[in-house]
Amino acid sequence: MSNVNSRIIIHADLNSFFATAEQQANPALRTKPVGVVKARGRSCIIAASVEAKKYGVGTGSRTYDAKKLCPDIILVPADFAKYEYISRRFIEICASYSPLCEAFSLDECFIDVTETEKFWGNAFNIAFDIKERLRKEVGDYMTCSVGISHNRLLAKLASEQIKPDGLFWITEDNMLEVLDRSKLTDVCGLGFGLWRRLALLGIDSFSDLRACKIEFLYKHFGPFWSVHLYNTARGIDESAVVPIEKIPQAKSVGRTYTTHRLLNNKLEIYKVLRNLCEEAAEKARAMKLCGRYVAFCLRTSPRSWSAKDQNSGEARSWYGHKTLARYIDSGRELFGVCQQIGAEWQLKDVIFCGVTLGMLTRSDWQTIPIFKADRKRACLTSSVDFINKRYGNYTVFPGQLLGMPIVMPEVTGFFGDRKYRLADFKVTDSPV
Ligand SMILES: [Mg+2]
């Protein structure tokens, strides 16, 4: 591998992705403030267009507040199939500049062009090429901001400097200047929890952080974070760009869901749970994995607690987990274990439900079932997966889901299970 300081890393980031995708598909929405909501009637905005952002509307704004800030905002229900399609096209473009292309989230790619930039002259040409191809091949309204630098940390920070449709290069010379005008939370990996702990120590900027001795950071943040903070403040990051096929297999798969309304009876709650188990298990199977750790979590609404209750005014959660003796990969079995975990819980006024299958291992390392009934069931499951993959999610589904609106899979901005999302993704147009 080449010297880490002489690398050239590009970070390309689609601008206001979900909202711009809607404006691309429907020209009537262009130049107008648009907010994408998960579904009609949902109260939270998951993406805002460039125009809506000018009014202060952003990801996570409540629709009620968004309408107050911007009365003309047009709310559009999310269409995840559309976003996934555009995302794949975008990743395909990025991956054509280097075999070292990492899809970091649906709308972000890191590309290590150290060895390949010469084919386009330099990294600037690649940046312009990406922008042009995005408009030509994906849609004339799509834009991306591109950052260039000698590592991932700074390339990402560079792409955030100018939005939309920006281009920025962070070099050794302007690196500290850019870091010092950035907020600590602008940098990937420094989350809110860490920010709060730093703030309590009076550290509010990267220059404050550079003034701290490593021993001081070690005392307060331990061996991992002390080094991470020390390096970040100096713009040092030696992490490699990892192409999707080299990303290690997932350690767990799961699905969480916040309901539209309070779920008050056990049957309703179990139906949603069964639905989430089906999706989590399907994800595991798509990655050819099975697991033997199951976690199940429910949360109730704060509104549902009466004044005389001690917990009045607070949301309450139930959480439980179980480690099994054998590996499972079916929604039916996962549901069965969750039912055991939650057998004693008070299932009332539920607003949130989550399920996780962990301790994953490869399915082809498992022994073939000895009983005919189990083999038949495995056969049935793989046929169902085949049909659903071909004709769409939940074309065939368990009878337990009858009589309820099915909760469909959803793509989140950052995909924890990238390997699953991109299972069928192949780079077809590699330059080298
Ligand atoms: Mg973006």
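Because the structure is predicted, anything quoted here is derived from the model rather than measured. (Residues numbered from 1 in each chain as written. Predicted model: local features only at pLDDT ≥ 70, side-chain atom pairs only at ≥ 80, totals over all residues. Heavy atoms only, no water.)

A look at the coordination of the magnesium ion
Phase 1 of the analysis: Taken together, D13 (OD), L14 (O) and D107 (OD) make up the full set of protein donors to the magnesium ion, lying 2.1 to 2.4 Å away.
Phase 2 of the analysis: Look at where the donors of the magnesium ion fall in the sequence and you get D-L-x92-D.
Phase 3 of the analysis: Among the residues examined, D13 registers a relative accessible area of 8% and is labelled buried.
Phase 4 of the analysis: Its relative accessible area of 2% is what places L14 among the buried residues. (Donors = N, O, S within 2.8 Å, 3.2 Å for Na, K, Ca; no water. Buried < 20%, exposed > 50% of the residue type's maximum accessible area, 1.4 Å probe, protein only.)

Describing the packing of helix 4 (residues 80–95) against helix 5 (residues 123–138)
Phase 1 of the analysis: Across the interface, helix 4 lies against helix 5 with an axial gap of 10 Å and an inter-helix angle of 140°. Between helix 4 and helix 5, the angle is such that the two are oblique. Crossing angle aside, the handedness with which helix 4 passes helix 5 is right-handed. Counting all contacts with helix 4, which are made through I86, R89, F90 and I93, the residues of helix 5 involved are I130, R133, L134, E137 and V138. (Axes fitted to C-alpha atoms, helices over the stretch in contact; angles between N-to-C directions. Helix = DSSP H or I, 4+ residues; strand = E, 2+ residues; numbered from the N terminus. Parallel < 35°, antiparallel > 145°, perpendicular 65-115°, else oblique. Left-handed = near helix turned anticlockwise from the far one by under 90°. Contact = heavy atoms within 4.5 Å.)

Concerning the sheet that holds strand 5 (residues 101–105)
Phase 1 of the analysis: Across the sheet, which stays open at both edges, the 5 strands sit in the order 5-6-1-7-8 with mixed pairing between neighbours. In this open sheet, the two strands that pair with only one neighbour each are strand 5 and strand 8 (167–169). The average undirected angle you get between the axes of adjacent strands in this sheet is 15°.
Phase 2 of the analysis: With 5 bridges joining them, strand 1 (residues 9–14) and strand 6 (residues 108–112) adopt antiparallel strand pairing. Looking at the pairing, I9 lines up with D112 of strand 6.
Phase 3 of the analysis: Taken strand by strand, helix 6 (residues 152–159) contacts strand 1, strand 5, strand 6, strand 7 (144–149) and strand 8, and its axis lies near 145° from that of strand 7. (Pairing = 2+ DSSP bridges.)

Comments concerning the pairing of strand 12 (residues 350–358)
Phase 1 of the analysis: Of all 9 residues in strand 12, 7 are buried; the element is thus mostly enclosed.
Phase 2 of the analysis: Two strands pair when backbone bridges link them, and strand 10 (residues 289–300) and strand 12 are joined in this way by 8 bridges, in the antiparallel orientation. By the bridge assignment for strand 12, Y293 is matched with G358.

Structural notes on the packing of aromatic side chains
Phase 1 of the analysis: Within the structure shown, the criterion is met by 12 aromatic pairs.
Phase 2 of the analysis: Taking the centre distance of 5.8 Å and the plane angle of 85° together, the rings of F80 and Y83 count as edge-to-face. Remark: Y83 and F80 occur in helix 4; sequence separation between them is 3 residues, near one turn of the helix.
Phase 3 of the analysis: Among the residues examined, Y83 registers a relative accessible area of 0% and is labelled buried.
Phase 4 of the analysis: Residue placement shows R152 over the ring face of F110; its charged tip is 4.3 Å from the ring centre.
Phase 5 of the analysis: For the cation-ring pair, R299 lies above F352, with the distance from its terminal atom to the ring centre recorded as 4.2 Å. (Phe/Tyr/Trp six-rings, centres within 6.5 Å; stacked < 30°, edge-to-face > 60°. Lys NZ or Arg CZ within 6 Å of the ring centre and 35° of its normal.)

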